[in-house]
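Analysis of the macromolecular model
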Amino acid sequence: MTDLEQYLHAYFTFDQDDLVKVSALFKKKTLNKGDYFLKTGKPCNQLCFIQSGLLRIYADMDGKEVTQWISTKGYFVADLSSLLFQTPSRWNMQALTNLEIFVIERAEYNRLGEIIPKWPETEKLFLAHCFTMMEDRIFSFISMTAEERYQFLFEKNRELFNQVPLQYIASMLGMTPETISRIRRKQLQ
């Protein structure tokens, strides 16, 4: 069973027949470090599942890159608004490392309801999970100090700190590179 199938089975409780049907719609794809999965202004026509590697999601705001998130193995990634409503994407999505992903095209995603009878319920759970992650992220920004956000990310995603440039992590945490350097120095003392 691939990581994708294991995740689909565990998270969505697909039975074996549905699991085979859904996973067959995903195609394996490789991106090299620096390649884009999606660029700002283009419609998002795929949902991807990260098998291995790191994918940075960022926006260019007045010439300054602002990192929204860095996705790792085991995450689904898309500009959800663009995927569902076919609006231009707000985000660039770029491979920070070589990346192995499974992708499902928008047209296939939209057919899932015809293939899997319980898809509406499953999709509702998927979207609720996405919304909950967003709520948790917003809550951390309004309730935690910069140092607490740094510590929380470090404890949950320690490997990022060895693989991702510090300015991307700082941006993702809503702080400057100088602030994150100060926090790191303080923790080393």
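Residues numbered from 1 in each chain as written. Predicted model: local features only at pLDDT ≥ 70, side-chain atom pairs only at ≥ 80, totals over all residues. Heavy atoms only, no water.

The chain is annotated in an unreviewed UniProt entry as Crp/Fnr family transcriptional regulator from Dyadobacter frigoris.

1. What about the overall build of the chain?
Secondary structure assignment for the chain yields nine helices and eight strands. Computed over C-alpha atoms, the radius of gyration of the chain comes to 18 Å, within 12% of the 16 Å expected from 2.2 N^0.38 for 189 residues, which places it in the range of a compact globule. The C-alpha extent of the chain, read off along each of the three principal axes, is 55 × 30 × 30 Å. A buried classification covers 39% of the 189 residues belonging to the chain. (Helix = DSSP H or I, 4+ residues; strand = E, 2+ residues; numbered from the N terminus. Rg over C-alpha atoms; globule rule 2.2 N^0.38 Å. Buried < 20%, exposed > 50% of the residue type's maximum accessible area, 1.4 Å probe, protein only.)

2. A closer look at the environment of Phe85
Mapped onto the elements, Phe85 comes out in helix H3 (residues 80-85). When its relative accessible area of 62% is taken as the criterion, Phe85 is described as exposed. In the structure, Phe85 is positioned 41 residues away from Cys44 in sequence and 9.4 Å away in space, judged by C-alpha atoms.

3. So, a nonpolar patch on the surface
A cluster of nonpolar side chains, namely Phe131, Met134, Ile138, Phe139, Phe141 and Ile142, defines an oily patch on the protein surface of about 640 Å² accessible area. Note on placement: Met134 falls in helix H5 (residues 119-143). (Patch = residues over 30% accessible without salt bridge, like charges linked within 9 Å, V, L, I, M, F, W, Y side chains within 5 Å. Areas by Shrake-Rupley, 256 points an atom, 1.4 Å probe, with all protein chains shown as cover. Salt bridge = Lys/Arg side-chain N within 4 Å of Asp/Glu carboxyl O.)

4. Here's the deal with the UniProt feature "domain: Cyclic nucleotide-binding" (unreviewed entry) in the chain
Feature annotation in UniProt places "domain: Cyclic nucleotide-binding" (unreviewed entry) on residues 10-112, given in this structure's numbering. Helix makes up 25% of residues 10-112 and strand 42%. Its end C-alpha atoms lie 18 Å apart. (UniProt positions renumbered as here; feature names shortened; annotations may be inferred.)

5. Some remarks on the sheet that holds strand S2 (residues 36-38)
What the four strands build is an open sheet, ordered S2-S7-S4-S5; its pairing is antiparallel. Either end of the sheet is taken by a strand with one partner, and the two such strands are S2 and strand S5 (64-71). Mean inter-strand twist for the sheet, computed between neighbouring axes without regard to direction, equals 30°. Pairing of strand S4 (residues 55-61) with strand S7 (residues 92-95) involves four bridges; the strand directions are antiparallel. Looking at S7, one finds that Leu55 is bridged to Ala95. (Pairing = 2+ DSSP bridges. Axes fitted to C-alpha atoms, helices over the stretch in contact; angles between N-to-C directions.)

6. Digging into the packing of helix H4 (residues 106-115) against H5
Helix packing for two helices is described by the angle between their axes and how far apart those axes are. The interhelical angle for the contact between H4 and H5, taken along N-to-C directions, is 130°, at an axis separation of 8 Å. Between H4 and H5, the interaxial angle falls into the category oblique. Along its contact with H4, which presents Tyr109, Leu112 and Gly113, the element H5 presents Trp119, Glu123 and Phe126. For the contact of H4 with H5, the residue count by class is four nonpolar, one polar and one charged. (Parallel < 35°, antiparallel > 145°, perpendicular 65-115°, else oblique. Contact = heavy atoms within 4.5 Å. Nonpolar A, V, L, I, M, F, W, Y, C, P; charged D, E, K, R; others polar.)

7. A word on the pairing of S4
Burial within S4 is extensive, with five of its seven residues counted as buried. Of the pairings in the sheet, the one linking S4 to S5 comprises seven bridges and is antiparallel in character. Residue pairing across strands places Met61 opposite Lys64, the latter belonging to S5. Once S4 ends, the chain turns through two residues before running back antiparallel as S5, passing Asp62 with a positive phi of about 55°.

8. Quick word on unusual backbone geometry
Backbone geometry follows two general trends: most residues other than glycine have a negative phi, and most peptide bonds adopt the trans configuration. Residue Asp62 is not a glycine yet carries a positive backbone phi of 55°. Tracing the chain through its elements places Asp62 in the loop between S4 and S5. The class of Asp62 is exposed, set by a relative accessible area of 84%. Positive phi outside glycine occurs at Gln86, with the angle close to 55°. In this structure, Gln86 sits in the loop between H3 and S7.

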